[in-house]
Structure formats: structure tokens, C-alpha cells
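# A structural walkthrough
So the chains spell out like this:
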Amino acid sequence: MEEVQVNLEEQFEEKVAQDVRIEPKDWMPEAYRKTLIRQISQHAHSEIVGMLPEGNWITRAPSLKRKAILLSKVQDEAGHGLYLYSAAETLGASRDQMIADLHSGKAKYSSIFNYPTLSWADIGAIGWLVDGAAIMNQVPLCRTSYGPYARAMVRVCKEESFHQRQGFEIMMTLCNGATEQKEMAQEAFNRWWWPTLMMFGPKDEESPNTEQSMRWRIKRFTNDELRQRFVDMMVPQAEYLGLKVPDKDLKWNEEKNGYDFGPIDWNEFWNVVKGNGPCNKQRIQTRVKAHEEGAWVREAALAHAEKRAARGKAA
Ligand code: BYC
């Protein structure tokens, strides 16, 4: 029995080492399954909660065109959440349990969505910065070792790159507009820059999951590696927009061929992750309310499916 287990484990390790995807029915270590359920369900929750700060601006978007674009972006996020919940289900997680864990505060979701959207420029800043960070983090996940997660990421990344362009375009319009519009863009940038850097997770020395997840090729880069790439990508974009990065320590480092940047406020990060950010309570309350109000839709869909199945049997 023990020998069989060793063989299975060896085969699994070999597949991972050779970049052969692990599929739902393949044998996998329990800890690998657990890590994936944790990461994929948190990712799904982030997409769904991420709809809220932006959804808040659908009725206030400055034109019909902007409204239509924002509406479809928010719908895309719902789609991402659904692919990801489905990917987690292939590992044996139950959708009801995942949702219950989100609503009870047991499950985490990205810290970034606990900040408020105070002006229209925030919608530009989120698209540009938050979706930019999402792409930086998620493009490598298209090569993650678990098949259904990797495949879901391909479409998600295509849509995210459209989202980022729409954010950049809003920022561009504001930065080329009146003085007040440019000030709005800078003010939103000042508020979103640091929380966006936190999205990549704690620094590597304080990230308990990175080492193992890198070994299993769930993660392909560490939190700090991706954060550095993000800073290096965004600084020239900010310069192009004529915006000032709100970091007095930001400086090009010739030797490392990247930017040095100032210290991140990790107390703020952990405080938000633990549920004490500016909007945590409001976000969960809104989700719970939407879920309760949607009960009749779930019941009706279930009754419809049962009716169809019964009709199919009778035929
Ligand atoms: N916020 O050991 P670590 C989006 C937690 S969706 C909250 O480094 P890991 C978008 C972490 O879970 C954005 N919690 O963990 C959507 C862990 O706690 P547990 C979401 C965070 O998993 C709509 C603990 O801290 N993206 O962009 O190796 C519209 C220690 O961390 C955060 C994903 O979910 C955080 N920022 O690495 C627009 C991508 N960071 O579980 C945009 C997939 C860390 O041990 N996920 N924690 O209790 C990942 O790539 C990885 O899970 C992370 C963290 C890099 C996020």
C-alpha cells in the first residue's frame, strides 16, 4: 500500500517537473488539492466582490458609452468568478460551502476591494492599476500546473487586458482634460497606488505559501518578483499620463535594471485582510443581501432543471 502511494507521488512530481498538466481525475497529494481550493476559491471571491466598487459607478458613469463599457466589464468579472468556482468544484469543493465561507468571513478575497470608489477617476485607476496588477499576476497562471485553473485563466487574461486598456483610456481622457480632471486623476492615483502594490501579497520572507506553491508550479513567480515587474511596467505609463507616482523613494536602479521603491505599510495590509479595511463589512453585507434576494432565481432554475429531466425520462 505504502509503495503504491510512493509511486503515485513520484509520478505526480514528475508530471509537474515536466510541465504536464494535472487534471481533476489524476492522483494528487491532499495538500496540493487543499492549496488549490484555497487559492482558486479566494480568486473567485475576489472577482465577485470586485464587482461591487465598480458596480457602484454604473448609474453615475459620465456618458451612455462609458456606462455600457463599465456594465460589460462588471459582467465580465461575474463570468470570471463563475469559471473559477467551477474550477474549484473540479477539486471536490462545494459551491455552497465556498459561498458560505465568503459570507461568514472565513474565506479571504483580495484586499484591494475593501477600498471605496470616491470619484469617477477611481474607475479609471482601478482599470489601469488593479486590472494591470491582475494581469501581471494572472498571465503566469495560464501556465499553472492544474489544468482547469490554467485554462480558465486564458480567457480571463484576454478580458483583463481589455479592462486595463479601458482604465488607461479613462485616465488619458482625464489627464488631457481640464485642470480639475487632471487633479481628479492624480488624486485617485495617490489613493490606489499603494493598495495595488499590496495585491501581490506579503513580501516573500513573510509569505508562508510561496515556497511550496512554487515547487508545485501553482505559482510561477514569487509575490515580490511580480510586484517589482508591476512597478517597472507602471512607472513609464504614469510618466506618459503626466502623473506623479506617490512615492518619494522611487528611483531607477541601474544595477538591478528596475525601480527601487519605498516601504509598503504592511500593518495596513494585514488590517484590511483581517476584515478591518474601510469597506470590508459593507462588501460582505452587500454580497449576503444579493445572495438572499437571489434565492428565488436559484429555486426556479432548479425546478426548471428537474422538470426538464423528468420530461426527458418520460420521452
Ligand atoms: N488580499 O502566502 P501568501 C482581480 C493572503 S482578482 C487578501 O503569499 P499565496 C480583479 C493569502 O491568501 C484579484 N489576502 O499566499 C477582479 C494567504 O492567506 P491564507 C485576486 C491576501 O496564496 C475584479 C496569506 O495572505 N487575484 O484582480 O501563496 C476586477 C499569505 O499570503 C492577499 C488572485 O486571487 C491579498 N492581496 O499568494 C479587477 C490571483 N495576498 O490563504 C481585478 C490568484 C495574500 O494562507 N492568487 N493574501 O489564509 C494568487 O496569485 C495568490 O493566492 C496570491 C497570494 C499572490 C494572491
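The following paragraphs examine the structure supplied in this document. Here the structure is a predicted model, which means the values were calculated and not measured.

Quick notes on the rules
- Residues numbered from 1 in each chain as written.
- Predicted model: local features only at pLDDT ≥ 70, side-chain atom pairs only at ≥ 80, totals over all residues.
- Heavy atoms only, no water.
- Near = heavy atom within 4 Å.
- Polar contact = N/O pair within 3.5 Å; in protein donor to acceptor, adjacent residues only side chain to side chain.
- Areas by Shrake-Rupley, 256 points an atom, 1.4 Å probe, with all protein chains shown as cover.
- Helix = DSSP H or I, 4+ residues; strand = E, 2+ residues; numbered from the N terminus.
- Nonpolar A, V, L, I, M, F, W, Y, C, P; charged D, E, K, R; others polar.
- Salt bridge = Lys/Arg side-chain N within 4 Å of Asp/Glu carboxyl O.
- Buried < 20%, exposed > 50% of the residue type's maximum accessible area, 1.4 Å probe, protein only.
- Expected span 1.5 Å × (residues − 1).
- Contact = heavy atoms within 4.5 Å.

Time to look at the site of the ligand. Residues in contact with the ligand amount to 32 residues; listed here are only the nearest, Gln42, Lys108, Ser207, Lys219 and Asn223. At 2.5 Å, a side-chain N or O of Lys108 approaches an oxygen atom of the ligand. Burial of the ligand by the protein amounts to 91% of the accessible area it has alone, namely 1000 Å². Sorting the residues of the shell around the ligand by element identifies helix 2 (30–49), helix 6 (120–138) and helix 11 (266–276) as the ones contributing at least two each. Counting residues per element, the shell around the ligand draws most heavily on helix 2, at 6 residues. Looking at the shell around the ligand residue by residue, the class counts come to 14 nonpolar, 12 polar and 6 charged.

Right, let's get into the pattern of salt bridges. In total, this model carries 18 salt bridges according to the counting rule given. Put simply, Arg227 and Asp224 hold a salt bridge, and the shortest N to O gap is 2.7 Å. Of this pair, Arg227 and Asp224 are both found in helix 10 (residues 223–241), 3 residues apart, which corresponds to roughly one turn of the helix. Residue classification places Asp224 among the partly exposed positions, given a relative accessible area of 26%. Lys248 serves as the salt-bridge partner of Asp249, at 3.6 Å between the closest nitrogen and oxygen.

What follows is about helix 10. With 19 residues, helix 10 extends 27 Å between its outermost C-alpha atoms, agreeing within 8% with the 27 Å of an ideal straight helix rising 1.5 Å per residue. For helix 10, the set of buried residues is Asn223, Leu226, Arg227, Gln228, Phe230, Val231, Met234, Val235, Ala238 and Leu241. Check the buried side of helix 10 and you find it contacts helix 6, helix 7 (147–175), helix 8 (179–198), helix 9 (210–215), strand 2 (258–260) and helix 11.

Any functional reading would require information beyond the geometric quantities listed.
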